Amino acid sequence: MKTILVDAIHAFIIVGKGIFTEMQELLDSYPNPKIILTGATDEQIIAFGLDHVPYPVFTLRRQPEKADPLYYKKMLEHFTLTAADVVYFEHNAEAVESARSVGITTYHYDKDKKDLVALKEFLDANL
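The shown structure was predicted, so the numbers you read here are calculated from the model rather than taken from an experiment.

1. Quick notes on the overall build of the chain
A count of helices and strands for the chain gives five helices and seven strands. In sequence order, the chain lays out its α and β elements as β-β-β-α-β-α-β-α-β-α-β-α. The globule rule puts the C-alpha radius of gyration for 127 residues at 14 Å, and the 13 Å found for the chain is close to it. The dimensions of the chain, computed from C-alpha atoms along their principal axes, are 35 × 30 × 25 Å. Across the 127 residues that make up the chain, the buried fraction comes to 47%. Taking the contacts inside the chain whose residues are at least 6 apart along the sequence as the reference set, 56% of them involve residues at least 24 apart. A gap of 1 Å separates the mean positions of the 13 positive and 19 negative side-chain charges of the chain.

2. What about the pattern of salt bridges?
Close approach of charged atoms lets side chains of opposite charge pair. All chains considered together, the criterion is met by seven salt bridges. A salt bridge links Glu90 to Lys66, with the nearest nitrogen and oxygen atoms 2.8 Å apart. One end of the pair, Glu90, is in strand 6 (residues 86-90); the other, Lys66, is in the loop between strand 5 (57-59) and helix 3 (69-78), and 24 residues separate them in sequence. Of the two residues, Glu90 and Lys66, both sit in the buried class.

3. As for the packing of helix 1 (residues 21-28) against helix 5 (residues 116-126)
To characterise two packed helices, one gives the angle between the axes of the helices and the distance between these axes. Direction vectors running N to C along helix 1 and helix 5 enclose 20 degrees, while the axes themselves pass 11 Å from each other. The orientation of helix 1 with respect to helix 5, classified from their angle, is roughly parallel. The hand of the helix 1/helix 5 crossing is right-handed. Every residue of helix 5 that contacts helix 1 at Glu22, Met23, Leu26 and Leu27 is listed here: Leu116, Leu119, Lys120 and Leu123.

4. Details of helix 1
Listing the buried residues of helix 1 in full gives Met23, Gln24, Leu26 and Leu27. Looking straight down helix 1, one finds its buried side chains confined to an arc of 160 degrees; they lie on one side. Against strand 1 (3-7), strand 3 (18-19), strand 4 (34-38), strand 6 and helix 5 lie the buried residues of helix 1.

5. Focus: the pairing of strand 7 (residues 105-108)
Here strand 6 runs beside strand 7; their pairing, made up of four bridges, is parallel. Bridging from a neighbouring strand, Tyr88 pairs with Thr106 of strand 7.

6. Considerations on the nonpolar core
With 28 residues, the main nonpolar core has Phe12, Met23, Leu27, Leu50, Phe89, Tyr109 and Leu119 as its most contacted residues. Broken down by secondary-structure element, the contributors of at least two residues to this core are strand 1, strand 2 (13-14), helix 1, strand 6 and helix 5. Among the elements that make up this core, the one with the highest residue count is helix 5 (five residues). Those residues within four positions of Phe12 in sequence are excluded, and the remaining contacts are Val6, Asp7, Gly18, Ile19, Phe20, Met23, Gln24, Leu27, Ile36, Val53, Pro54 and Tyr55. Judged by nonpolar contacts, the second largest core, of 17 residues, contains Leu37, Phe58, Leu76 and Tyr88.

7. What to know about the environment of Pro56
Summarising the element assignment, Pro56 is placed in the loop between helix 2 (42-47) and strand 5. Distance from Pro56 to Leu116, taken between C-alpha atoms, is 21 Å for residues 60 residues apart in sequence. Those residues in contact with Pro56 that sit more than four places away from it in its chain are Lys34, Ile35 and Ile36.

Calculation criteria
- Residues numbered from 1 in each chain as written.
- Predicted model: local features only at pLDDT ≥ 70, side-chain atom pairs only at ≥ 80, totals over all residues.
- Heavy atoms only, no water.
- Helix = DSSP H or I, 4+ residues; strand = E, 2+ residues; numbered from the N terminus.
- Rg over C-alpha atoms; globule rule 2.2 N^0.38 Å.
- Buried < 20%, exposed > 50% of the residue type's maximum accessible area, 1.4 Å probe, protein only.
- Contact = heavy atoms within 4.5 Å.
- Lys, Arg positive; Asp, Glu negative; His and termini not counted.
- Charge placed at Lys NZ, Arg CZ, Asp CG, Glu CD.
- Salt bridge = Lys/Arg side-chain N within 4 Å of Asp/Glu carboxyl O.
- Axes fitted to C-alpha atoms, helices over the stretch in contact; angles between N-to-C directions.
- Parallel < 35°, antiparallel > 145°, perpendicular 65-115°, else oblique.
- Left-handed = near helix turned anticlockwise from the far one by under 90°.
- Arc of directions from axis to C-beta.
- Pairing = 2+ DSSP bridges.
- Core = buried A, V, L, I, M, F, W, Y, C linked by side-chain atoms within 4.5 Å.

Structure (structure tokens):
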């Protein structure tokens, strides 16, 4: 069963509002494990409420950033996963390309549209 990698800020967490409830409901409809990916520092984890999310959180505290393929290599190693074991959605185009460069099937999520129908289509097609 593939793991769903979830972009934290501007996707699962809406700045100033907290967890995007409708997205959580969509994700919870899948039995797959989920991991929140962020570059947040310890202070940012608290400020954005990532210490209260329902899924495990992975961060390298911006060393390196998600735009660096090393971030994804370290994350996969940390969880003993391969690129084939995961799917990912991310709002930042550079991070999308970085994840794809290590073989992760990645969807560019539009943080402004918040299109959960398209996200569901991506998940259904790739899980």
